[in-house]
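Summary of structural features
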Amino acid sequence: MVNERLADLARDTPETPPGVRLVSGGVLADLGLGLGLGAREMELAALAAGLVPARYLRNMRTYGPAAQARFLRSRVALAGLGGLGGHLLELLARAGVGALAAADGDVFEESNLNRQTLCLADGLGQAKAEAARLRASAVNPAMDCVVRAGFLDQQGFSELVQGADLVLDALGGVAPRLLLRRAAAQAGVPLLTAAVAGTSGYVALVRPGDPSPTDYFGTGADEAKPPAEVLLGTPPPTVALAAALQAAQALAFLSDQGSTEGSGLAGKMLLFDLADMTFATVSL
Amino acid sequence: MALTVKCYATLAEHSPPEGETPHAEGHTVADLLAELRIDPAEVKVIFVNGLHAGLDQPLRDGDRVGLFPAVGGG
């Protein structure tokens with residue numbers, strides 16, 4: 001019955017792959033209201049009926065309808081909602097990831113405005129978790145975004161990653177990354193980590209049992225100098241690029257049904273420096 | 001022949017001119033760090049020709065060396 005109603009309302013477009021038809025979000029919302037189904041359920045029903053929700057039209061040539069449905073069924077854990085985390089939330093919501101569990105205990109301050117997309121001039125003092133929740137529902141109601149406003153300990157990180165297909169490390173500083181890394185390994189969930197300082201950054205996909213860049217960094221507690229990101233700062237393009245690389249790798253991983261084999265960064269680390277446009281992928 | 005050296009983030013100030021340094025036969029990564037006046041404690045991840053390496057790794061003409069410090073910004 002849902003399928004028949006949807007088929008009546010679909011429209012064709014030359015931009016979709018052959019045999020794929022579009023359906024608008026308004027139509028899905030109206031239909032879902034009558035059926036008592038939410039946005040995510042309606043989008044999955046549409047995809048199952050061979051219809052693509054129009055908001056995902058420009059995803060189609062890259063990912064296709066089957067991967068789009070996998071995104072909607074995916075659960076991603078996101079630790080940190082600052083520079084990397086804000087961009088990741090935005091990109092995953094627009095891509096159509098179905099469930100996001102995110103955490104950050106911080107509130108916005110002026111020094112966040114240069115790079116943190118969730119930080120607005122009139123939002124200083126606001127909890128990052130609350131800003132993320134509002135942004136997620138404003139961008140894509142199909143994404144079930146559950147936020148936790150708190151700095152997590154080992155137990156908290158373990159709870160955050162529970163049931164996730166993939167864990168995204170968007171934390172600040174090196175010390176908390178070790179806790180998240182341990183939680184992901186214990187839960188057997190791949191971890192996609194990234195960090196930046198100045199014009200440099202890295203992204204790595206750490207499978208359970210793999211070494212992580214953070215394993216070599218230490219906790220930073222015994223360092224004589226301030227951390228690199230404090231000395232060099234965190235300018236906007238470096239942060240946005242690292243987050244975009246993370247998001248691209250996350251979607252490749254999720255579209256491949258959770259296999260890390262076909263994922264470019266499995267067991268590897270991508271390093272970049274925007275000062276001389278160096279990009280290098282190396283084995284860990 | 002020489003070594004190609006890429007120093008990331010806080011190590012960038014130690015980069016050799018043009019990113020290259022003459023190579024002395026038998027030198028290791030540790031010798032290279034001494035030549036570039038880099039404190040080994042600040043180098044957390046070393047790559048030689050795209051593979052993770054240690055301080056005692058012997059270097060050869062034409063090797064590409066990457067030096068990465070701890071970075072944690074997000």
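This text gives an overview of the structure that appears in the document. (Residues numbered from 1 in each chain as written. Chains lettered and ligands numbered in written order. Predicted model: local features only at pLDDT ≥ 70, side-chain atom pairs only at ≥ 80, totals over all residues. Heavy atoms only, no water.)

**Here's the deal with the overall build of chain B**
For chain B, the helix and strand inventory stands at one helix and five strands. Starting at the N terminus and walking to the C terminus, you meet the elements of chain B as β-β-α-β-β-β. Relative to the compact-globule value of 11 Å for 74 residues, chain B shows a C-alpha radius of gyration of 11 Å, a close match. In terms of principal-axis extent, the alpha carbons of chain B reach across some 40 × 25 × 20 Å. Residues counted as buried form 53% of the 74 residues belonging to chain B. Of the contacts formed within chain B by residues at least 6 apart in sequence, a portion of 55% connects residues at least 24 apart. Carbon and sulfur atoms form 50% of the exposed surface of chain B, whose accessible area is close to 3500 Å². Mean positive and mean negative side-chain charge positions of chain B (5 and 11 charges, respectively) differ by 5 Å. (Helix = DSSP H or I, 4+ residues; strand = E, 2+ residues; numbered from the N terminus. Rg over C-alpha atoms; globule rule 2.2 N^0.38 Å. Buried < 20%, exposed > 50% of the residue type's maximum accessible area, 1.4 Å probe, protein only. Contact = heavy atoms within 4.5 Å. Areas by Shrake-Rupley, 256 points an atom, 1.4 Å probe, with all protein chains shown as cover. Lys, Arg positive; Asp, Glu negative; His and termini not counted. Charge placed at Lys NZ, Arg CZ, Asp CG, Glu CD.)

**With respect to the overall build of chain A**
For chain A, the helix and strand inventory stands at 11 helices and 10 strands. Against the compact-globule benchmark of 19 Å for 284 residues, chain A has a radius of gyration of 20 Å, which places it among compact chains. Along the longest, intermediate and shortest principal axes, the C-alpha atoms of chain A span 70 × 40 × 40 Å. Every one of the 284 residues in chain A was classed for burial, and the buried ones make up 51%. Sequence separation of 24 or more characterises 65% of the internal contacts of chain A that already satisfy a separation of 6 or more. Here chain A has roughly 11900 Å² of accessible surface; of this, 53% comes from carbon and sulfur atoms. The centroid of the 22 positive side-chain charges in chain A is displaced by 5 Å from the centroid of its 28 negative side-chain charges.

**Quick word on the nonpolar core**
Residues L78(A), L89(A), L100(A), L166(A) and L168(A) are the most contacted members of the largest nonpolar core, which totals 44 residues. Here this core takes eight residues from helix 11 (residues 236-255) of chain A, the largest share from any one element. (Core = buried A, V, L, I, M, F, W, Y, C linked by side-chain atoms within 4.5 Å.)

**Things to note about the pattern of salt bridges**
All names here are of chain A. The tally for this structure, following the rule as stated, stands at 13 salt bridges over all chains. For the salt bridge of E90 with R135, the shortest nitrogen-to-oxygen distance reads 2.8 Å. Pair noted here: E90 is in helix 5 (residues 83-95) and R135 is in helix 6 (residues 128-139), with a separation of 45 residues, a long-range link. Under the relative-accessibility criterion, E90 is labelled buried at 13%. Here the salt bridges do not stand alone but share partners, grouping E90, R94 and R135 into one network. (Salt bridge = Lys/Arg side-chain N within 4 Å of Asp/Glu carboxyl O.)

**A look at the pairing of strand 6 (residues 166-169) of chain A**
On a regular strand, each side chain points to the face opposite its neighbour's, so the side chains alternate between the two faces of the sheet. All names here are of chain A. The alternating pattern of strand 6 places L166 and L168 on one face and V167 and D169 on the opposite face, and all of these are buried. Where strand 6 meets strand 7 (residues 191-197), three bridges bridge the pair, whose relative direction is parallel. Bridge assignment links L168 to a residue of strand 7, and that residue is L192. You can see the chain leave strand 6, run along helix 8 (residues 175-187) and come back into strand 7, and the turn it takes is right-handed. (Pairing = 2+ DSSP bridges. Right-handed = clockwise from strand over helix to strand, strands pointing away.)

**Here's the deal with the environment of G123(A)**
Tracing the sequence through the fold places G123(A) in the loop between strand 4 (99-103) and helix 6. Separated by 43 residues in the primary sequence, G123(A) and L166(A) place their C-alpha atoms 30 Å from one another.

**Examining the pairing of strand 3 (residues 75-79) of chain A**
Residues and elements named next belong to chain A. In terms of burial, strand 3 is a largely internal element, four of the five residues being buried. In the sheet, strand 3 pairs with strand 4 via five bridges, with the strands oriented parallel. Among the inter-strand pairings, L78 is bridged to a residue of strand 4, identified as A102. Handedness of the crossover joining strand 3 and strand 4 through helix 5 is recorded here as right-handed. One ladder, built from four bridges, connects strand 3 with strand 6; its direction is parallel. Across the sheet, residue A79 finds its bridge partner in strand 6, namely D169.

**Quick look at the interface of chain A and chain B**
Listed as interface residues are 35 residues of chain A and, on the opposing side, 18 residues of chain B. For chain A, the biggest contributors to the area lost against chain B are Y216(A), F217(A) and L271(A); these three give 24% of the whole. Applying the counting rule to chain A against chain B returns three salt bridges. The salt bridge partner of D276(A) is K6(B), with a shortest N-O separation of 2.8 Å. Put simply, the parts of the chain that give the side of chain A that touches chain B at least two residues each are helix 5, strand 7, strand 8 (200-206), helix 9 (213-217), helix 10 (228-232), strand 9 (268-273) and strand 10 (278-283) of chain A. Class assignment of the residues belonging to the side of chain A that touches chain B gives a composition of 19 nonpolar, nine polar and seven charged. (Buried area = accessible area lost by both parts, 1.4 Å probe. Nonpolar A, V, L, I, M, F, W, Y, C, P; charged D, E, K, R; others polar.)

**Observations regarding helix 8 of chain A**
Buried within helix 8 of chain A we find R177(A), L178(A), L180(A), R181(A), A183(A) and A184(A). After helix 8 of chain A finishes, the residue G188(A) shows a positive phi value of roughly 70°.

By themselves, these are just geometric observations and shouldn't be taken as functional.
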